[in-house]
Protein chains: 2
Amino acid sequence: MEHLSDTTWRFIHHFGEMGSRWGISRTVGQIYALLYISHVPLNADDITYLLSFSRSNVSMGLKELQSWRLLRSEYRAGDRREYFKAPEDVWEIFRTLADERRRREVEPTLSVLRECLLDPKNTPEDEHFHRRMQEMYDLISMANEWFIDIQKLSAEDLTSLMHLGAQAKKLLHAKNRLLSFAGLTKEEVSE
Amino acid sequence: MEHLSDTTWRFIHHFGEMGSRWGISRTVGQIYALLYISHVPLNADDITYLLSFSRSNVSMGLKELQSWRLLRSEYRAGDRREYFKAPEDVWEIFRTLADERRRREVEPTLSVLRECLLDPKNTPEDEHFHRRMQEMYDLISMANEWFIDIQKLSAEDLTSLMHLGAQAKKLLHAKNRLLSFAGLTKEEVSE
DNA sequence: CCGTACTTTCAGGGATTTCTGAAATTAATG
DNA sequence: CATTAATTTCAGAAATCCCTGAAAGTACGG
């Protein structure tokens, strides 16, 4: 890649902007967009040249992306530079991203909430605070578990489920009807 | 509320930090955490006093939270100040938050991708860029549609589905078996 | 309309984050 | 083990974001 076309630049630029709205800095977003779209793995100098920011910034950016487990890298015979690329599978990228955010943000939030919920309740006001924190804890905790669980599924299964969308509700009800028809309660059906 | 207890302060402080990792500033995060946890609606002066930052900052923060549709407010007889609170239902809060982010971040991203996909492909390299952008577009687009669809469901239905988690896969396969048992293809079953 | 109670706006200062370039570090090669 | 290639670190500059206080705006009650 000699230099960036208008289209690729727009793509890269947009993901820079998006990145800066999330925890990621603009340049890190751009580096990842570039690696995502490139048809060939790139080394740090390639990135420095194509995006024209400082070599050290690229180095730090790559390090950060690695800490998010978002990069694959390889070495080549007779070349001691490291070549980076994003995973082929878009699903994998989003999954990793989401999981890393879960670990960095959701888990610590749950810890703080758990601690707050352990504190003594001295006043009726405290009772109310406790209740609200509990509500939030329950929701976040459930979503967290759900996400961990859902990660087991393959991209294809996830795709099917997504296409199912709100229809899943009907399926759920149908399932419950079948169970009660068979004279079973939910509890009797183990896993 | 005369002043904040240690526990509430920890809660508020944490959501300030979390907010600053998302698009929201620290103080806006704190204001919302306070309004969320308070047992009684608060006016701007209450917030200024309890969190001790400037009145104007509180004003701007409330305005921003309103632009996210995250606040309810009320007026009281003989008091011209506006009193704010967060919705009672935690589900509603997260739903609103997610939907607003969808509108502010996901939709514009899809627009950019659509535009990029319309651009002419001049080289084999461009073909590759196109393919990668298409892959990303397809995934984001599907997730977007899915989320819009899922929003129709009630908190209870969502809870059931979440508890179902990865088991939903079995349900999906059961459905397909039922369909093929009935001699129907997916395509023949419209909605 | 005037005064009062409250809210909003916004320019500028302060704080934080991000980026750079020089120097240090690491690692491969002859 | 010296040389060279590549990477990383880090202090400070630059850019950005956030918050404040003063001033302007709004709206209600008399």
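What you see is a predicted model; the values in this text were computed from it and never measured.

The rules we used
- Residues numbered from 1 in each chain as written.
- Chains lettered and ligands numbered in written order.
- Predicted model: local features only at pLDDT ≥ 70, side-chain atom pairs only at ≥ 80, totals over all residues.
- Heavy atoms only, no water.
- Helix = DSSP H or I, 4+ residues; strand = E, 2+ residues; numbered from the N terminus.
- Rg over C-alpha atoms; globule rule 2.2 N^0.38 Å.
- Buried < 20%, exposed > 50% of the residue type's maximum accessible area, 1.4 Å probe, protein only.
- Contact = heavy atoms within 4.5 Å.
- Areas by Shrake-Rupley, 256 points an atom, 1.4 Å probe, with all protein chains shown as cover.
- Lys, Arg positive; Asp, Glu negative; His and termini not counted.
- Charge placed at Lys NZ, Arg CZ, Asp CG, Glu CD.
- Least-squares fit on C-alpha atoms with pLDDT ≥ 70 in both.
- Pairing = 2+ DSSP bridges.
- Phe/Tyr/Trp six-rings, centres within 6.5 Å; stacked < 30°, edge-to-face > 60°.
- Lys NZ or Arg CZ within 6 Å of the ring centre and 35° of its normal.

A. Highlighting the overall build of chain A. When you go through chain A residue by residue, the secondary structure sums to 8 helices and 3 strands. Against the globule reference of 16 Å for 191 residues, chain A gives a C-alpha radius of gyration of 23 Å, more extended than a compact globule. Principal-axis analysis of the C-alpha atoms gives chain A an extent of 70 × 50 × 35 Å. Within chain A, buried positions represent 46% of all 191 residues. Once local pairs closer than 6 in sequence are excluded, the contacts in chain A between residues at least 24 apart make up 54%. For chain A, the computed accessible surface area is about 10,400 Å², with 54% contributed by carbon and sulfur atoms. Averaging the positions of the 26 positive and the 30 negative side-chain charges in chain A gives two centres separated by 2 Å.

B. Broad picture of the relation of the copies chain A and chain B. In screw terms, the move from chain A to chain B is a rotation of 180 degrees and a rise of 0.0 Å along the axis, fitting with an RMSD of 0.1 Å. Taken together, the rotation and translation relating the two chain copies correspond to the operation of a two-fold axis. It is Trp22 of chain A whose C-alpha, among those of chain A, lies nearest the rotation axis, at 2.8 Å. By residue overlap, the copies meet face to face through one surface: 100% of the interface positions of chain A are interface positions in chain B.

C. Seen up close, the sheet that holds strand S1 (residues 42-43) of chain A. Residue and element names in this part refer to chain A. In spatial order, the strands read S1-S3-S2; together these 3 strands make up an open sheet with antiparallel pairing. Each having just a single partner strand, S1 and strand S2 (72-76) make up the two edges of the open sheet. As judged from the 2 bridges shared by S1 and strand S3 (residues 79-85), these two strands associate in the antiparallel manner. What sits directly across from Leu42, in S3, is Phe84.

D. Quick look at the packing of aromatic side chains. Within this structure, the stated rule accounts for 5 aromatic pairs over all chains. Plain terms: the ring middles of Phe11 of chain B and Phe15 of chain B are 4.9 Å apart, the flat faces sit at 50 degrees to each other, and that makes the pair tilted. Of this pair, Phe11 of chain B and Phe15 of chain B are both found in helix H1 (residues 6-21), 4 residues apart, which corresponds to roughly one turn of the helix. Here Phe11 of chain B matches Phe15 of chain B in class, with each residue buried. A cation over a ring is seen here: Arg76 of chain A above Tyr83 of chain A, with NZ or CZ 3.9 Å from the ring centre. Taking NZ or CZ as reference, Arg104 of chain A lies 4.0 Å from the ring centre of Trp68 of chain A, over its face.

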